[in-house]
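Structural description and commentary
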Amino acid sequence: MNMNTSLIELTGVIKRFGTHVAVDRLSMKVEKGEIVALLGRTGAGKSTVMSLLMGTTSVDEGQIRVAGVDPAASFQALRGKMSVSFQTDRLLPWRTACENVELGLLILNKSKAEARTIALEWLRRVKLDGAAGKYPSELSGGMRQRVSLARALAVDPDLVLLDESFSQLDHVTSQVLRRDFSEIVRAVGKTCVFVTHRIDDALEIADRVLVLAAPARVCLEMAISSAQRTDVTTMAEMHARIERAIGGDEAAA
Ligand SMILES: Nc1ncnc2c1ncn2[C@@H]1O[C@H](COP(=O)(O)OP(=O)(O)OP(=O)(O)O)[C@@H](O)[C@H]1O
Ligand SMILES: [Mg+2]
């Protein structure tokens, strides 16, 4: 991987589903270590962009590079470098929390003992030490989400992709999880792209916010510094700008 280039780079990306254009000449970059939030109204193409990043779908036109390679063409090259955590947590019901976290490590050919050690360490970091032996059905939604996060981070990826990870939780749980998440992601220095419908989430966690208008293209880009985050007035202004950008999208649709 060339360290001088952006970890993610999309140039004039077009993605169609039949005749429907879902992504329209989208260009964006994400630098190593950055936390970027993708916002935009429903159908703007956020999840499609995530699929392109994951390489589960390929671009029709333009270029996409993740760690220097085309993710759809070089799935193998990105194995273990990128991990995803989605709205539906996708935990395997017949595996305990610990075994779910171990899974990605075993796929990466870690020994069972090593996988166990790493999994338990990550469960501790997401504050689930006590629940390692529990099955998903025995965990709350917030706990399952933490397991999912631990699983995503345990493989020590360069890039973490999250799609609406926190939105289905109750307000208090999601707030705590968001705070823990941003702390963990910042502490481990992972590059992260996350999709959210909540402007507050984006402002709280992200270094940069991208608002997508349908079909997916960037209609607002905003960097957020930690100094701005502590200023209530600035935050309110940024919130309003993002809201307008999302709303403008709606009016144009
Ligand atoms: N596999 C598919 N086949 C056909 N059309 C699709 C497919 N996936 C997405 N689309 C269309 O592409 C557009 C973008 O969808 P996408 O799921 O990326 O939006 P989104 O921004 O993630 O929306 P939401 O906020 O509701 O999750 C929508 O018009 C959607 O109907
Ligand atoms: Mg979506």
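Presented here is a report on the structure given in the accompanying data block. What you see as residue numbers is a count from 1 along each chain, following the sequence as written. Throughout, the order in which chains and ligands are written sets their labels, letters from A for the former and numbers from 1 for the latter. Per-residue local features of the predicted model are confined to residues with pLDDT of at least 70, and side-chain atom pairs are confined, for both listing and counting, to 80 or more; whole-chain, interface and lining totals are unaffected and use all residues. Excluding hydrogens and water, the side-chain values take into account all heavy atoms of the structure.

Remarks on the environment of Asp207
Runs of H or I in DSSP of at least four residues are treated as helices and runs of E of at least two as strands, each being numbered from the N terminus. Take Asp207: it is sitting in the loop between helix H6 (199-205) and strand S8 (208-213). We call a residue buried when its accessible area falls under 20% of the maximum for its residue type, exposed when it is over 50%, and partly exposed in between, using a 1.4 Å probe and counting protein chains only. The class of Asp207 is partly exposed, set by a relative accessible area of 21%. Put simply, Asp207 and Ile224 are 17 residues apart on the chain and 5.2 Å apart in space, counted from C-alpha to C-alpha.

Examining the sheet that holds strand S4 (residues 61-66)
Here three strands make up an open sheet; going across it, the order is S2-S1-S4 and the pairing antiparallel. Of all the strands in the sheet, the pair left with one neighbour each is strand S2 (20-30) and S4. In this sheet, adjacent strand axes meet at a mean angle of 25° when their direction is disregarded. By the bridge criterion, seven bridges tie strand S1 (residues 8-17) to S2 in an arrangement that is antiparallel. Paired with Ile8 across the two strands is Val30, which belongs to S2. The rule for pairing is simple: two strands pair if DSSP sees at least two bridges between them. Here an axis means a line fitted to C-alpha atoms, over the contact stretch when the element is a helix, while the angle between two N-to-C directions is reported on a 0 to 180 degree scale.

Quick word on the nonpolar core
Ranked by internal contacts, the top residues of the largest apolar core, which has 45 residues, are Val209 and Ile242. An automatic or database domain assignment provides the domain bounds reported here. Formed jointly, this core draws a minimum of three residues from each of two domains, domain 1 (1-81 + 158-253) and domain 2 (88-156). Residues are treated as being in contact if the distance between any of their heavy atoms lies within 4.5 Å. Contacts of Ile242, omitting those with residues within four sequence positions, involve Leu39, Ile199, Leu203, Val209, Val211, Leu220 and Met222. Within the second largest apolar cluster, 31 residues are counted, among which are Val13, Leu159, Val195 and Leu210. For our purposes a nonpolar core is just a set of buried Ala, Val, Leu, Ile, Met, Phe, Trp, Tyr and Cys residues, chained together by side-chain atoms within 4.5 Å.

Here's the deal with the environment of Gly55
Within the element layout of this structure, Gly55 appears in the loop between helix H1 (46-54) and S4. Sequence separation between Gly55 and Asp200 is 145 residues, and the spatial gap between their C-alpha atoms is 29 Å. If we ignore the near neighbours within four places in the chain, the residues touching Gly55 are Pro71, Ala72 and Phe75.

Quick notes on the site of ligand 1
In the vicinity of ligand 1, the residues found are Phe17, His20, Ala22, Arg41, Thr42, Gly43, Ala44, Gly45, Lys46, Ser47, Thr48 and His197. We call two N or O atoms a polar contact when they sit within 3.5 Å, provided that within protein one can donate a hydrogen and the other can accept it, with sequence-adjacent residues counted only if both atoms are side-chain atoms. Within the backbone of Gly43, one N or O atom sits 2.8 Å away from an oxygen atom of ligand 1. In the environment of ligand 1, an oxygen atom lies 2.9 Å from a nitrogen or oxygen atom belonging to the backbone of Gly45. Of all the elements in the fold, those that place two or more residues in the shell around ligand 1 are S2 and H1. Among the elements that take part in the shell around ligand 1, H1 stands out by supplying three residues, more than any other. Looking at the shell around ligand 1 residue by residue, the classes come out as three nonpolar, seven polar and two charged. One heavy atom suffices: a residue is near a molecule or strand as soon as one of its heavy atoms comes within 4 Å of it. Put simply, Ala, Val, Leu, Ile, Met, Phe, Trp, Tyr, Cys and Pro go in the nonpolar bin, Asp, Glu, Lys and Arg in the charged bin, and everything else, Gly too, in the polar bin.

A short note on the layout of surface pockets
Volume-wise, the largest pocket comes out at about 660 Å³. Only protein atoms enter the 1 Å grid used here. Points where a 1.4 Å probe fits but cannot escape make up a cavity, open sets with protein on both sides within 12 Å along at least five of seven lines make up a pocket, and a residue lines them when an atom lies within 4 Å of a point. In this structure, the largest pocket is lined by 21 residues; those nearest its centre are Met82, Ser83, Val84, Gly104 and Ile107. Elements represented by at least two residues in the lining of the largest pocket include exactly strand S5 (82-86), helix H2 (97-107) and helix H4 (141-154). Inspection of the lining of the largest pocket shows a minimum of three residues originating in each of domain 1 (1-81 + 158-253) and domain 2 (88-156). Grid points are joined across faces, edges and corners, and a volume is the space filled by probe spheres set on the points.

Observations regarding the pattern of salt bridges
Only one rule defines a salt bridge in this text: a Lys or Arg side-chain nitrogen within 4 Å of an Asp or Glu carboxyl oxygen. A complete count under the given rule lists nine salt bridges for this structure. Across the pair Glu9 and Lys29 runs a salt bridge whose closest N-O atoms are separated by 3.8 Å. Within this pair, whereas Glu9 is found in strand S1, its partner Lys29 is found in strand S2, the two being separated by 20 residues in sequence. Given a relative accessible area of 42%, Lys29 falls into the partly exposed group. In the salt-bridge network here, residues are joined through shared partners; they are Glu34, Arg208 and Glu221.

Regarding empty space enclosed by the protein
As enumerated under the stated definition, the model contains two cavities of 30 Å³ or more in all. Put simply, the second largest cavity is a space of about 30 Å³. What lines the second largest cavity is Leu7, Val66, Ala67, Leu78, Lys81, Met82, Asp158 and Leu159. Looking at the lining of the second largest cavity residue by residue, the class counts come to six nonpolar, no polar and two charged.

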